[in-house]
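# Close look at the chain arrangement
So the chains spell out like this:
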Amino acid sequence: MYNKIKNAQIFITGGAGFIGSYVVEELLREQPARIIILDNLVRGSFENMESFLKNPIVEFIEGDIRDKDLLEKCITGSDYVFHMAALRINSCAANPENGFEVMLRATFDLADLCAKHKVKKVIYSSSASVYGLAQNFPTPESDNPYNNQTFYGAAKLWGEQLFRSFHHMYGLDYVALRYFNVYGVRMDTDGKYTEVMIRWLDCIRDKKAPLIYGDGSTTMDFVYVRDVAKANVAALISDVSDEVFNVGNNEETSLKTLLETLLKVNQSNLTPEFREESTVNPVSRRLADNTRAKDQLNFEPTVTLEEGLRELSKWYFERNLIKSRI
Ligand SMILES: NC(=O)c1ccc[n+]([C@@H]2O[C@H](COP(=O)([O-])OP(=O)(O)OC[C@H]3O[C@@H](n4cnc5c(N)ncnc54)[C@H](O)[C@@H]3O)[C@@H](O)[C@H]2O)c1
């Protein structure tokens, strides 16, 4: 297959973040000419970029996607763009105006500049949040997205539709990816849905009973971060455009099972304590139907939950050890 990445200039917003840093690592395998990262480090870090920061192919710019002139400088001459910079679901809820500026206005500017500078393809990071509580399980991309109740989910859905309209108005090629519950080494330690893994790892470290709020029956579809990065690359190299894909593991895991697996990989015999849930979780189930990504992008996740949790735990405990020495 023609290697679109080789010798290409690729621009990544949010490339210092959790998923973005893995996308950079995947891209570097294919010998691009240049990778430009724009990130204001509100969440991303130099630590995430450690493996490639000194690579002469990579240019890291500490800056904001709300700076339109800077955005234009990065987009000019770029063949492909990954748009991954975003605020977390909680930050959007805490400050919707800020959410508007980052998730909507800056995304509009980016799409506009990509069309102006004839970028060959944009890969947009969307989210399973667009579904809210889905109607069908496994959830296909065609599931009604009107159950979302969050600003974040609304912004992601708008982003998808924005790129779709730009495709039809200006011929801008794009693919949107709806990630499910992404986890793995370098993960955010206080993300709304995945933070529970880190909280439980804290309990295993401290030999304290892990807490489960509710009865533990809420389910998620956990997908390992490296697989998500591979889906991004698959979306770029495929000839598909104007399409949205679920990126999950096609595996429904309850919180209870998640904890059991985490305890198992860490050979821990702690028993959980159940507490009453203080708020009603409007999204009690998640399960991705990955058929479309498999058929059209040739993408299939490869990391099982057990393997992923093993890697995560190893990283967590090694990091703790380093911290305790400082
Ligand atoms: N992690 C998940 O489970 C998940 C699930 C669904 C969708 N997503 C989406 O995937 C993308 C990457 O998520 P992630 O988990 O790597 O999150 P992350 O917070 O680690 O990465 C986002 C990056 O964007 C940067 N950023 C935020 N605002 C910026 C701004 N104004 N200007 C420049 N940079 C800015 C942050 O510093 C961070 O490095 C996001 O678009 C996110 O919404 C993530």
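Residues numbered from 1 in each chain as written. Predicted model: local features only at pLDDT ≥ 70, side-chain atom pairs only at ≥ 80, totals over all residues. Heavy atoms only, no water.

## Some points on the packing of helix α1 (residues 18-28) against helix α7 (residues 225-237)
At a minimum axis separation of 8 Å, α1 and α7 run at an interaxial angle of 60°. With respect to α7, the axis of α1 lies oblique. For the crossing formed where α1 meets α7, the hand is right-handed. Facing Phe18, Ile19, Tyr22, Val23, Glu26 and Leu27 of α1, the residues of α7 in contact are Val225, Arg226, Val228, Ala229, Lys230, Asn232, Val233 and Leu236. By residue class, the composition of the contact of α1 with α7 is ten nonpolar, one polar and three charged. (Axes fitted to C-alpha atoms, helices over the stretch in contact; angles between N-to-C directions. Helix = DSSP H or I, 4+ residues; strand = E, 2+ residues; numbered from the N terminus. Parallel < 35°, antiparallel > 145°, perpendicular 65-115°, else oblique. Left-handed = near helix turned anticlockwise from the far one by under 90°. Contact = heavy atoms within 4.5 Å. Nonpolar A, V, L, I, M, F, W, Y, C, P; charged D, E, K, R; others polar.)

## Things to note about α1
Quick reminder: α-helices carry 3.6 residues per turn. Residues three or four places apart thus point the same way. By the criterion of burial, α1 is predominantly enclosed, with eleven of the eleven residues buried. If you check which residues of α1 are buried, you get Phe18, Ile19, Gly20, Ser21, Tyr22, Val23, Val24, Glu25, Glu26, Leu27 and Leu28. (Buried < 20%, exposed > 50% of the residue type's maximum accessible area, 1.4 Å probe, protein only.)

## Observations concerning the packing of helix α2 (residues 68-75) against helix α4 (residues 96-116)
Between α2 and α4, the shortest axis-to-axis distance is 10 Å and the interhelical angle comes to 40°. Crossing angle aside, the handedness with which α2 passes α4 is right-handed. The segment α2 lies against α4, with Lys68, Leu71, Glu72 and Ile75 engaging Ala106, Asp109, Leu110, Leu113, Cys114 and Lys116. Among the residues making up the contact of α2 with α4, the classes are represented as six nonpolar, no polar and four charged.

## Some thoughts on the domain arrangement of the protein chain
Domain assignment breaks the protein chain into domain 1 (9-181 + 224-247) and domain 2 (184-221 + 251-281 + 303-325). The straight-line distance from the C-alpha centre of domain 1 to that of domain 2 is 27 Å. Contacts between the two partners involve 16 residues from domain 1 and, on the opposite side, 16 residues from domain 2. Taken together, both faces of the contact between domain 1 and domain 2 bury some 1,500 Å²; the carbon and sulfur share is 43%. On the domain 1 side of the contact with domain 2, Phe18, Asn181 and Tyr224 bury the most area, a combined 39% of that side's loss. Our enumeration of links across domain 1 and domain 2 arrives at three salt bridges. Ionic pairing is found between Arg226 and Glu311, a salt bridge with its closest N-O pair at 3.0 Å. Contributions of two or more residues to the side of domain 1 that touches domain 2 are made by α1, α3 (89-94) and α7. (Domains from an automatic or database assignment. Buried area = accessible area lost by both parts, 1.4 Å probe. Salt bridge = Lys/Arg side-chain N within 4 Å of Asp/Glu carboxyl O.)

## Some points on the site of the ligand
Taken together, 28 residues are adjacent to the ligand, and Ile19, Asp39, Met84, Tyr152 and Lys156 come closest. Here Phe18 contributes a backbone N or O atom positioned 2.9 Å from an oxygen atom of the ligand. Val182 places a polar main-chain atom, nitrogen or oxygen, 3.2 Å from an oxygen atom of the ligand. Considering the ligand on its own, with 810 Å² of exposed area, one finds that the protein chains cover 95% of that surface. Those elements giving two or more residues to the shell around the ligand turn out to be α1, β5 (121-127) and α5 (151-170). Here the residues of the shell around the ligand are counted per class, giving 14 nonpolar, eight polar and six charged. (Near = heavy atom within 4 Å. Polar contact = N/O pair within 3.5 Å; in protein donor to acceptor, adjacent residues only side chain to side chain. Areas by Shrake-Rupley, 256 points an atom, 1.4 Å probe, with all protein chains shown as cover.)

## A few points about the packing of aromatic side chains
A complete count under the given rule lists ten aromatic pairs for this structure. Each ring, one from Phe46 and one from Phe60, has its centre 5.5 Å from the other, and the planes form 80°; the classification is edge-to-face. On the criterion of sequence distance, the pair formed by Phe46 in the loop between β2 (34-39) and β3 (58-62) and Phe60 in strand β3 is long-range, its members being 14 residues apart. When the centroid spacing of 5.1 Å and the interplanar angle of 45° are considered together, the rings of Tyr124 and Phe163 count as tilted. Placement of the pair is Tyr124 in strand β5 and Phe163 in helix α5, with a sequence separation of 39 residues. On the basis of relative accessible area, Tyr124 is assigned to the buried category, the value being 3%. Residue classification places Phe163 among the buried positions, given a relative accessible area of 0%. (Phe/Tyr/Trp six-rings, centres within 6.5 Å; stacked < 30°, edge-to-face > 60°.)

## Points about the pattern of salt bridges
Under the criterion given, the structure shown has 25 salt bridges. Measuring nitrogen to oxygen at the nearest pair gives 3.2 Å for the salt bridge that ties Lys4 to Asp239. With Lys4 in the segment before β1 (9-13) and Asp239 in the loop between α7 and β11 (243-247), this pair connects stretches of sequence that are 235 residues apart. Note that Arg275 is salt-bridged to Glu273, the shortest N-O span being 2.6 Å. With relative accessibility at 37%, the residue Arg275 sits in the partly exposed group. Through salt bridges with shared partners, a single network forms among Glu26, Arg29 and Lys230.

## A closer look at empty space enclosed by the protein
Under the definition given, this model contains two cavities of 30 Å³ or more. Each pocket or cavity is described by its volume, and for the second largest cavity that value is around 30 Å³. Forming the boundary of the second largest cavity are His83, Ala85, Ala86, Val102, Met103, Thr107, Tyr124 and Lys156. If you tally residues by element for the lining of the second largest cavity, the top one is α4, at three residues. (1 Å grid on protein atoms, 1.4 Å probe; cavity = no way out; pocket = protein on both sides within 12 Å on 5 of 7 lines; lining within 4 Å. Points joined across faces, edges and corners; volume = space filled by probe spheres on them.)

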